[in-house]
Every structure is written in C-alpha cells, then in structure tokens.
Amino acid sequence: AIPLVVAINTSLAARNGMLVRDRIAMEEARNLDAIVFDKTGTLTRGEHGVVDMATVDGVTEADALALAAAVERDSEHMIARAIREAAEERDLSAPDATDFEAIKGRGVRATVEGNEVYVGGPNLLTQLDSEVPDHLRQFADEAGENARTVVYLVRDGELIAAFAMADVIREESFRVVEALHDLGIEVAMLTGDSRDVADAVADELGIETVFAEVLPEDKDETVQELQDQGKLVGMVGDGVNDAPALTRADVGIAIGSGTDIAVQSADVILVQNNPMDVVRLVKLSKASYRKMQ
Ligand code: ADP
Ligand code: MG
C-alpha cells in the first residue's frame, strides 16, 4: 500500500503542476546534491533570433540565408525556426531541397540544387573536418564572447557562411540558481552549445559547473560523472537528446511541453514549464519527509 502521507503529497504535487511518475524519485529529491540543467529551452527561452551573419567572398548574405532556410525546412529545432524566420523577414524564397537528414546534436543536412549542404554548430564542423576561413573564425569568436550561438553553412565541403543567434536567459533562472544554492545544492549546466556561450550563460547565472559541447550520446555520461563523485544527481531537460540523461539521473525532471521521449524518461514532469518548480519539488520532498518521521 502507498503510505498515506506520500499519496497526499503526490496529489499536492499534482496540484502544483508536478506529475510524479516515480514515487521513489520524489522522495529522493530531498537529498539531491546536484541538479544538472539543460541550457537551451530550460535555462534560456530557446527563442533564437539571427542577429548577425558573415559569408565568404562570392556568396551574398541573401543567398546564404535562403540556402540555410532550405536545409532547415523540416527541422523543428529552435535554431531552424530562427533561420527560416530570418529568411522570411527578408522575403527570401528558399530553393528546393531534398534528402533531409537530422544529425543529432550537430545540425541538419540536405541536397540543394545538386549540392550537399549542411547547417550546424561546432560539433558539425568537427565531424565534417571543415576548414574555417580566418574572418569567419573571428566572427565566431566575437559572437561567442557575446554569448551568441553560432551555426555554420557548409556547401559541398566548403564553409561558406556563419550565423550568430541570440537566445535570452529566462527571468526565473536567476531565482532558481539562487534558491538551489540556498538549499545547499550544486547547480550544473549541460549543453551541446559552444564553450563560449555556455560559460557566458553560466557566469551570468552564477552556475558553478559547466558541461559544454556535449554530444547527445554523451549527455548521460556527464550525469554519471557527478554520480561517480558520490553525488545524488537530478537532471532537468526537455529535449529528445536529454532522455538518456533523464533516465540516468537519480531524479529525472522533464520540463514544460517537453518532447514525448523526455516525458517518458522522466520521474517527475513539471507541467507548467516553469524552472522554479524544480525548487518547489525539492521543498515539497523535504516537507513530506519531515512529516513521515
Ligand atoms: P542543447 O544541448 O543546447 O539543447 P542540441 O543538443 O539540440 O542543443 O543541439 C546542440 C547543437 O547542435 C546546437 O547548439 C547547434 O549547434 C547544433 N544543432 C542541432 N540542431 C540543429 C539544427 N537544426 N540547425 C542547426 N544547428 C543545429
Ligand atoms: Mg534542449
């Protein structure tokens, strides 16, 4: 039988927008030593806008943006949406593209006018072994210092443009970090984004532990790394990529309108898409425990 006090607190949790899928995890939340947050869409709004771009000689900004929008046509990633919107704002029509392929945690690929075209972040460049022209490197460095996410356009093996996108830190994130620190909980951030952007966001929020440029298949290893230090670890995420880390964590927390896979991998689902509910969850768990003694 479910102890009465736990049953009560599960419904109390539900009333606070927390769906508890695993009761044990709910109890464990009171003992968490560290909580790892996915950056994009969790600590930040995930609403990117293209704020700047650079191209190589012979490629106009309009051409680059239209080509990138064509490759991103079918992607649901927030970066893809931003690129399509930027192209629309300039009334650019994207050329026809076929053979779309999502490359998890790296970017997308398609065939456009007989060319193999990629759009993606630093992880993609590493995979393609692309050479970065000096002025694009400089553009990317500068963007990174300003906490802007940079994605690249590669056509037939040649890097031809870079786009700088700005995301916004959620107002609530500042309070979440502070409140967790007050509870004695270490706050970590996990992202596939570049080291520069990750450090800038972490600095601003006062987050002490940063895992950047992490590939989707390695996200759960960062959780493991903290567990290997003897810590009880919570993970907060929303994306498909976060699912293995949510499963690995002692308390997996899916936030907001998380993807189905994230929700299925989590122990607790925060329905209201408010990261402050992570703090409420820990406090509720602590309160239940006290009552049970
Ligand atoms: P995060 O870990 O920040 O939630 P993802 O794991 O979804 O981000 O993606 C990691 C990185 O892969 C992004 O920062 C971006 O550089 C690149 N990427 C992923 N999907 C796309 C896409 N559709 N278009 C361009 N870049 C992408
Ligand atoms: Mg994400």
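Residues numbered from 1 in each chain as written. Chains lettered and ligands numbered in written order. Predicted model: local features only at pLDDT ≥ 70, side-chain atom pairs only at ≥ 80, totals over all residues. Heavy atoms only, no water.

*Asks:* Kindly report on the domain arrangement of the chain, identifying the contributing residues and their values.
*Replies:* Entries for the chain in the domain assignment read domain 1 (4-45 + 169-292) and domain 2 (49-166). At the junction of the two partners, domain 1 supplies 14 residues and domain 2 supplies 12 residues. Here domain 1 meets domain 2 over a buried area of about 970 Å², counting both sides, of which 59% is carbon and sulfur. The tally of links between domain 1 and domain 2 comes to one salt bridge. Between R106 and E217 there is a salt bridge whose closest N-O contact spans 3.7 Å. Contributing elements (two or more residues each) for the side of domain 1 that touches domain 2: α3 (39-43) and α9 (195-205). Of all the elements, α9 adds the most residues to the side of domain 1 that touches domain 2, at three residues. Looking at the side of domain 1 that touches domain 2 residue by residue, the classes come out as five nonpolar, four polar and five charged. (Domains from an automatic or database assignment. Contact = heavy atoms within 4.5 Å. Buried area = accessible area lost by both parts, 1.4 Å probe. Salt bridge = Lys/Arg side-chain N within 4 Å of Asp/Glu carboxyl O. Helix = DSSP H or I, 4+ residues; strand = E, 2+ residues; numbered from the N terminus. Nonpolar A, V, L, I, M, F, W, Y, C, P; charged D, E, K, R; others polar.)

*Asks:* I'd like a description of the environment of A188, backed by residues and values.
*Replies:* Assignment of secondary structure puts A188 in strand β9 (residues 186-190). Beyond its immediate sequence surroundings of up to four residues, A188 is in contact with I35, V36, F37, I207, T209, F211 and L226.

*Asks:* Quick one: what's the story with the sheet that holds strand β11 (residues 233-237), residue by residue and with numbers?
*Replies:* Strand pairing in a sheet relies on backbone hydrogen bonds, with the paired strands running either antiparallel or parallel. The sheet built from seven strands is open, its strands ordered β1-β13-β12-β11-β2-β9-β10 with mixed pairing. This sheet does not close on itself; its edge strands, each paired only once, are β1 (18-20) and β10 (209-211). Each strand axis lies, on average, 20° off the axis of its neighbour in the sheet, ignoring direction. Bridging between strand β2 (residues 34-38) and β11 involves four bridges; their strand directions are parallel. Paired with I35 across the strands is G234, a residue of β11. (Pairing = 2+ DSSP bridges. Axes fitted to C-alpha atoms, helices over the stretch in contact; angles between N-to-C directions.)

*Asks:* Give a description of the sheet that holds strand β8 (residues 158-166) that names residues and reports values.
*Replies:* Taken in spatial order, the six strands line up as β3-β8-β7-β6-β5-β4 in an open sheet, and their pairing is antiparallel. Each edge of the open sheet carries a strand with a single partner, namely β3 (49-55) and β4 (97-103). The mean angle between the axes of side-by-side strands here comes to 20°, regardless of whether they run parallel or antiparallel. For β3 and β8, the ladder comprises six bridges, and the chain directions are antiparallel. If you follow D52 over to β8, its bridge partner there is A164.

*Asks:* How would you summarise the layout of surface pockets if you had to cite specific residues and measurements?
*Replies:* The space that makes up the second largest pocket amounts to roughly 270 Å³. Lining of the second largest pocket is provided by 18 residues; of these, P122, R137, A140, Y152 and S194 occupy positions nearest its centre. Among the elements of the structure, α6 (122-128), α7 (134-145), β7 (149-155) and α9 are those that each provide at least two residues to the lining of the second largest pocket. The greatest single-element share of the lining of the second largest pocket, amounting to four residues, is contributed by α7. Residues of the lining of the second largest pocket, tallied by class, amount to six nonpolar, five polar and seven charged. Residues from two domains meet in the lining of the second largest pocket; each of domain 1 (4-45 + 169-292) and domain 2 (49-166) gives at least three. (1 Å grid on protein atoms, 1.4 Å probe; cavity = no way out; pocket = protein on both sides within 12 Å on 5 of 7 lines; lining within 4 Å. Points joined across faces, edges and corners; volume = space filled by probe spheres on them.)

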